[in-house]
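Fold and geometry: a report
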Amino acid sequence: MISAFQLLYQNRHSVDNIQTVEEVRTIIRSELLDEFTHPRARVSIQQKYKLALDRISNSTLSVSKQQMMIELYNEEYKKLSTDCKS
């Protein structure tokens, strides 16, 4: 899972030294919340989720790794969606 995530985001310094799945989840949450973008340029969590799924689907990862990454994004998206409604 870690290597699949690193392949998706090869040119990002923040993913080079990932050691645990929890670190992957943390970066996914930050990505979905668009925390790496200036506040005035941020897009919605739904847009970031769609962009992430598109990135995964268009990647060179194997189908099984794509499914694994999509499941991980789905889990984090659902958690964030639930947190935002509370």
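Residues numbered from 1 in each chain as written. Predicted model: local features only at pLDDT ≥ 70, side-chain atom pairs only at ≥ 80, totals over all residues. Heavy atoms only, no water.

**Here we look at helix 3 (residues 45-57)**
- With 13 residues, helix 3 extends 18 Å from end C-alpha to end C-alpha; this agrees with the ideal 18 Å at 1.5 Å per step.
- When helix 3 is considered as a whole, its buried residues turn out to be Ile45, Lys48, Tyr49, Ala52 and Ile56. Down the axis of helix 3, the sector holding all buried residues measures 100°, keeping them to one side. Set apart from the buried face of helix 3 by more than 90 degrees, the exposed residues are Lys50 and Leu51. (Helix = DSSP H or I, 4+ residues; strand = E, 2+ residues; numbered from the N terminus. Expected span 1.5 Å × (residues − 1). Buried < 20%, exposed > 50% of the residue type's maximum accessible area, 1.4 Å probe, protein only. Arc of directions from axis to C-beta.)

**Brief notes about the side chain of Glu31**
- With respect to the helices and strands, Glu31 occurs in helix 2 (residues 21-32).
- Glu31 has contacts with Tyr9, Arg12, Phe36 and Lys48, leaving out every residue within four places of it along the chain. (Contact = heavy atoms within 4.5 Å.)

**Section: the nonpolar core**
- Formed by 20 residues in total, the largest nonpolar core has its most connected members in Phe5, Tyr9, Ile28, Leu32, Met69 and Tyr73.
- Sorting the residues of this core by element identifies helix 1 (2-8), helix 2, helix 3 and helix 4 (63-85) as the ones contributing at least two each.
- Element by element, the count of residues in this core is highest for helix 4, at five residues.
- If near-sequence neighbours (up to four positions away) are discounted, Phe5 is found in contact with Val15, Ile18, Val24, Ile27, Ile28, Met69 and Tyr73. (Core = buried A, V, L, I, M, F, W, Y, C linked by side-chain atoms within 4.5 Å.)

**Things to note about the packing of aromatic side chains**
- Applying the stated criterion to the full structure yields two aromatic pairs.
- Ring geometry for Phe5 versus Tyr9: centroids 5.0 Å apart, planes at 45°, classification tilted.
- Judged by relative accessible area, Tyr9 falls into the buried class, the value being 4%.
- Relative to Tyr77, the ring of Tyr49 lies with its centre 4.0 Å away and its plane at 15°, an arrangement referred to as stacked. (Phe/Tyr/Trp six-rings, centres within 6.5 Å; stacked < 30°, edge-to-face > 60°.)

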